[in-house]
Amino acid sequence: MRIKRQTGFTLIELLVVTTLSVILMLASSVLFMTFLVGKGKINSLQLIKNEGDYALSKMEFLIRNAIDISDCELGMTELTIKSLDGQDTRFFIEEDAGSRKIASNSGIYLTSGSVDLATNADGQYLQVDCYESDDQRSKYVNLSFILRKGVPGVDLSRDIVEQEFSTGVAVRSF
Amino acid sequence: MKKAQLGFSMIEILVASLVVGLVLTAISSALIASTHNLAQARYEAAASKEAKKAMEVFVREKVLLGWTRFADAADTAATYCLNTLPLTSADFRVMSEGTCLTETYEVAGEAFRREVGVQVVSGDEIKVTVTVSWQDGARDREAVLEQNFTNY
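Calculation criteria
- Residues numbered from 1 in each chain as written.
- Chains lettered and ligands numbered in written order.
- Predicted model: local features only at pLDDT ≥ 70, side-chain atom pairs only at ≥ 80, totals over all residues.
- Helix = DSSP H or I, 4+ residues; strand = E, 2+ residues; numbered from the N terminus.
- Rg over C-alpha atoms; globule rule 2.2 N^0.38 Å.
- Buried ≥ 20, exposed ≤ 12 C-beta atoms within 10 Å, placed from the backbone.
- Contact = placed C-beta atoms within 7 Å.
- Pairing = 2+ DSSP bridges.
- Core = buried A, V, L, I, M, F, W, Y, C linked by C-beta atoms within 7 Å.
- Expected span 1.5 Å × (residues − 1).
- Bend = angle between axes of the 7 residues up to and from the residue.
- pLDDT = per-residue confidence, 0-100.

Undergrad: What am I meant to see in the overall build of chain A here?
TA: From N to C terminus, chain A includes 1 helix and 9 strands. Counting from the amino terminus, helix and strand elements in chain A follow one another as α-β-β-β-β-β-β-β-β-β. For a compact globule of 174 residues, the expected C-alpha radius of gyration is about 16 Å, and chain A comes in at 28 Å, more than 25% above that figure. Projected onto its principal axes, the C-alpha positions of chain A cover 115 × 30 × 25 Å. Going through the 174 residues of chain A one by one, you find that 21% of them count as buried.

The structure is reproduced here in structure tokens:
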């Protein structure tokens, strides 16, 4: 009897090839997922940076050019300054439907609803430290807050991004 | 009759495994380097933030103390270890001189050392250099921030 010559793949060969391709696909999909998560994180961080820098620069400008700061203490949660136009400008945290924004009393929000504020080590959303010189003529303000994108407990912890913003401003004495 | 050879020869297998080995080594070393760089970039960012915080204390004290007392607090050339920053003007005026030696403080999971060099350039100019350093394996890494304070 003539044995027919074998053509095509054996079962073993097919099994080996499938296993290998499955392993490869798993590895590449993990890589792809990490890439997507990383990209989302970078986007969130960029958003937070923009919002935080904007809020800081606005407050910095107004404080630097303020005429005076009436309440000057350490560890304040809001700040009221007497602006150039003689009016009081107040910076504070406004809570709205569970998320917080930095607001000023002129009705302008300095951060948008797409980011939230997180508490610092002292449990404050906005920390204002105002220093006064002995002769009470010079004042210096330290501002700090933490912006957060993503809700703890709702979003995955890998999707939550936080960044601290802080700056010091010397009030120009007039 | 000699049976025709099936499969790969020794040389072929050796060459193939050599090539595979080379490629794997290249990929893994690139991966390790990139994770390491990422961590160092994070520490670098944290370090420059820490340096800025220390510089802001000097700006603050120049405002609060006024030039004369600010300049009095500075010796001709001095180094201070400011792992913890002076909170008040009173603390600022009694900072003790000296380098950090082995003392460190932790930010973002890394041990940092913050030293501030104060150098009186002239009666109206003081140069402040903040150096935040950390250990990257056996290498010393640092972020430096310089500012000249003038009496205006």
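Next comes the rest of the account.
Undergrad: Would you explain the overall build of chain B in this entry?
TA: Counting its secondary structure elements, chain B contains 2 helices and 5 strands. Tracing chain B from N to C terminus, the helices and strands come up as α-β-α-β-β-β-β. Its C-alpha radius of gyration of 27 Å places chain B more than 25% over the 15 Å reference for a compact globule of 152 residues. Dimensions of chain B along its principal axes, counting C-alpha atoms only, are 105 × 25 × 20 Å. Residue pairs at least 24 apart in sequence account for 52% of intrachain contacts in chain B once pairs closer than 6 positions are excluded.

Undergrad: Would you mind going over the sheet that holds strand S1 (residues 68-69) of chain A with me for this structure?
TA: The pairing of strands in a sheet happens through backbone hydrogen bonds and is either parallel or antiparallel. Residue and element names in this part refer to chain A. What the 5 strands build is an open sheet, ordered S1-S2-S3-S4-S5; its pairing is antiparallel. Of all strands in the sheet, those bounded by a partner on one side alone are S1 and strand S5 (108-109). Sheet topology note: the S1/strand S2 (residues 79-82) ladder contains 2 bridges and is antiparallel. Opposite Asp68, over in S2, you have Lys82 as the bridge partner.

Undergrad: What should I look at first to understand the environment of Val120(B) in this one?
TA: Residue and element names in this part refer to chain B. One can find Val120 in strand S3 (residues 110-122). As a C-alpha pair, Val120 and Ala74 span 46 residues in sequence and 7.4 Å in three-dimensional space. Each residue touching Val120, except ones within four places of it in the same chain, is listed here: Ala74, Thr76 and Ile126.

Undergrad: How should the nonpolar core be read in this particular structure?
TA: Note that soluble globular proteins tend to have their nonpolar side chains buried in a common cluster. Judged by nonpolar contacts, the single largest core of 27 residues is most densely connected at Ile63(A), Val141(A) and Val171(A). Residue assignment for this core shows that the elements contributing at least two residues are helix H1 (11-64), S2, strand S7 (126-132), strand S8 (139-149) and strand S9 (161-171) of chain A together with helix H1 (10-73) of chain B. No other element matches S8(A), which puts 6 residues into this core. Not counting residues up to four positions away in its chain, the partners in contact with Ile63(A) are Ile81(A), Val141(A), Val169(A) and Val171(A). Membership of the second largest hydrophobic core comes to 19 residues, among which are Phe58(B), Val116(B), Val130(B) and Ala143(B).

Undergrad: Which parts of the structure should I look at to understand the pairing of S3(B)?
TA: Consecutive residues of a regular strand have side chains that alternate between opposite faces of the sheet. Residues and elements named next belong to chain B. The pairing of strand S1 (residues 77-81) with S3 spans 5 bridges and is classified as antiparallel. Residue pairing across strands places Thr79 opposite Gly117, the latter belonging to S3. In the sheet, strand S2 (residues 105-107) pairs with S3 via 3 bridges, with the strands oriented antiparallel. The partner of Val107 across the bridge, within S3, is Glu110.

Undergrad: Would you explain the pairing of S7(A) in this entry?
TA: Residues and elements named next belong to chain A. Most of S7 is tucked away: 5 of the 7 residues are buried. Looking at chain direction, S7 and S8 are connected through 7 bridges and run antiparallel. Within S8, the position partnered with Gln127 by the bridge is Ser144. The turn linking S7 back onto S8 is made up of 6 residues, and Gln136 within it adopts a positive phi angle of 60°.

Undergrad: Looking at this structure, I do not really get H1(B). What am I missing?
TA: Counting along an α-helix, one turn takes 3.6 residues, and residues three or four places apart therefore face a common direction. If you check H1(B), its first and last C-alpha atoms are just 78 Å apart, much less than what 64 residues at 1.5 Å a residue would give, namely 94 Å. Along H1(B), the sharpest kink reaches roughly 120°, centred on Gly66(B).

Undergrad: Just to check I follow, could you spell out unusual backbone geometry for this structure?
TA: What is expected of a backbone is that most residues other than glycine have negative phi and most peptide bonds are trans. Residue and element names in this part refer to chain B. Its identity is not glycine, yet Leu101 carries a phi of approximately 55°, on the positive side. In this fold, Leu101 is placed in the loop between helix H2 (89-93) and S2. With 8 C-beta atoms counted inside 10 Å, the residue Leu101 sits in the exposed group. Although it is not a glycine, Ala108 sits at a positive phi angle of roughly 50°. Here Ala108 is to be found in the loop between S2 and S3. On the basis of neighbour count, Ala108 is assigned to the partly exposed category, with 13 C-beta atoms found within 10 Å.

Undergrad: How should the confidence of the model for chain B be read in this particular structure?
TA: As a note on interpretation, predicted positions should not be read in detail where pLDDT is low. Residues and elements named next belong to chain B. For chain B, the average pLDDT comes to 89, and 97% of its residues sit at 70 or higher. No element of chain B has a lower mean pLDDT than H2, at 87, and none a higher one than strand S4 (residues 125-136), at 93. For this predicted complex, the interface confidence reaches an ipTM of 0.72, while the overall pTM sits at 0.78.

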